[in-house]
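# Breakdown of the fold
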Amino acid sequence: MADSPRDLARLLLGARHGVVLTGAGVSTESGIPDFRSAGGIWENVDPMEVGSLSTFVSAPERFWSFHRPRFSAVDIIRPNPAHLAVAELERRGIIKDLITQNIDGLHRRAGSPHPIEVHGTLDFGECLRCGARISREEMVARADDAPDGVPRCTQCGFQIKSGVVLFGEQLPASAISAAFAASEAADVMLVIGSSLLVTPVSTLPDIVLRQGGALAILTESATPYDDHCTVRLHGKAGVQMTEVLTALDGLGMPAAR
Ligand code: NAD
């Protein structure tokens, strides 16, 4: 199995419809812990508990006391070389679609024009009862003003939930159908920083493989698809993707469109 940045560059250059699928590991070099690597904040809490719809509904104070500091962190985090490399591949027409499980908004800030955010985003808040939408800044301001730390809807009084999809919630229909359509169109899929353990996203590489496409994976740890890869890279996403860009330059990478 091929395993160098140059091999990945070659595979991407030959793609008719290249698709990138990212997970939490693409953002760890920006300082955001993933779920499953050692040493992260999630070692001491159960994401299924603090990130579930049932906790949000039954104990909103618990939910917001855990999540409120993360909303401040969004303002200081920055895209890292892996996000920037993906955006560059899109600019050059090598990657046609970007699917992300991340909710941190870093792909958009790196210049990716329309990431398909299948697990939602931190960028807005929504009333779970009447559906009224407010900006992240407004949601955070209301949380800080509330005696119990829970932002509430000014129209109906119910608690505001961020645009992030919680455990126990449906995925946004338009995003998930766009992710399936992109995977069906793909002849090459590059997965960066996902353990590929969370459904339904974990089924997307299978769509590409079943229609004869090629799969490349770049993560630090193992995934269930490792034996099915055309190219398998290990190591830090930012470092490896920078090397992929350098290798593309050496191979005569097409100019930005
Ligand atoms: P995961 O935690 O299950 O797996 C992360 C993968 O990335 C692992 O294989 C790990 O080895 C790899 N990894 C970690 N750092 C890396 C690096 N620097 N370079 C290369 N690989 C690296 O993540 P997942 O598959 O995305 O599933 C977790 C769920 O948690 C997703 O639903 C996601 O929405 C959510 N989540 C998102 C964020 C975020 O938005 N930044 C952060 C934590 C969790």
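Read on for an overview of the structure. Computed from a prediction, not measured in an experiment: that's the story for all the values here.

A general feature of soluble globular proteins is that nonpolar side chains tend to end up buried together. The biggest cluster of nonpolar side chains holds 28 residues, and the ones touching the most others in it are L8, L12, L89, L190, I192, M241 and V244. Secondary-structure elements contributing two or more residues to this core are α1 (5–13), α5 (81–91), β2 (95–100), β7 (188–192), β8 (214–218), β9 (231–233) and α10 (237–251). With near-sequence residues (within four places) excluded, M241 lies in contact with L8, A82, A85, L89, L190, I192 and L218. Of all hydrophobic cores here, the second largest spans 21 residues; its members include V19, A182, A186 and I207.

In this section: the packing of aromatic side chains. Inspection of every chain in the model, using the stated rule, returns 3 aromatic pairs. When the ring of F56 is compared with that of F63, the centres are 5.1 Å apart and the planes differ by 80°; the resulting orientation is edge-to-face. What links up through ring pairs into an aromatic cluster is the set F56, F63, W64 and F71. Just above the ring of F66 sits the side chain of R70; from NZ or CZ to the centre is 4.1 Å.

Another aspect to go through is a nonpolar patch on the surface. Taken together, the side chains of F35, M48 and F167 make up a nonpolar region of the molecular surface, amounting to roughly 270 Å² of accessible area. As for its position among the elements, F35 is in the loop between β1 (18–22) and α2 (47–50). Relative accessible area serves as the criterion here: at 36%, F35 is assigned to the partly exposed category.

Next up on the list: the sheet that holds strand β5 (residues 133–135). Within the open sheet, the 3 strands sit side by side as β5-β4-β6. Their pairing is antiparallel. Looking at which strands have only one partner, the edges of the open sheet turn out to be β5 and β6 (160–164). In this sheet, adjacent strand axes meet at a mean angle of 40° when their direction is disregarded. Examined bridge by bridge, strand β4 (residues 120–127) and β6 share 4 bridges and lie antiparallel to one another. Pairing of G125 across the sheet is with S162, part of β6. Where helix α7 (residues 136–145) meets the sheet, it contacts β4, β5 and β6, and its direction lies at approximately 90° from that of β5.

What counts, and at which threshold
Residues numbered from 1 in each chain as written. Predicted model: local features only at pLDDT ≥ 70, side-chain atom pairs only at ≥ 80, totals over all residues. Heavy atoms only, no water. Core = buried A, V, L, I, M, F, W, Y, C linked by side-chain atoms within 4.5 Å. Buried < 20%, exposed > 50% of the residue type's maximum accessible area, 1.4 Å probe, protein only. Helix = DSSP H or I, 4+ residues; strand = E, 2+ residues; numbered from the N terminus. Contact = heavy atoms within 4.5 Å. Phe/Tyr/Trp six-rings, centres within 6.5 Å; stacked < 30°, edge-to-face > 60°. Lys NZ or Arg CZ within 6 Å of the ring centre and 35° of its normal. Patch = residues over 30% accessible without salt bridge, like charges linked within 9 Å, V, L, I, M, F, W, Y side chains within 5 Å. Areas by Shrake-Rupley, 256 points an atom, 1.4 Å probe, with all protein chains shown as cover. Salt bridge = Lys/Arg side-chain N within 4 Å of Asp/Glu carboxyl O. Pairing = 2+ DSSP bridges. Axes fitted to C-alpha atoms, helices over the stretch in contact; angles between N-to-C directions.

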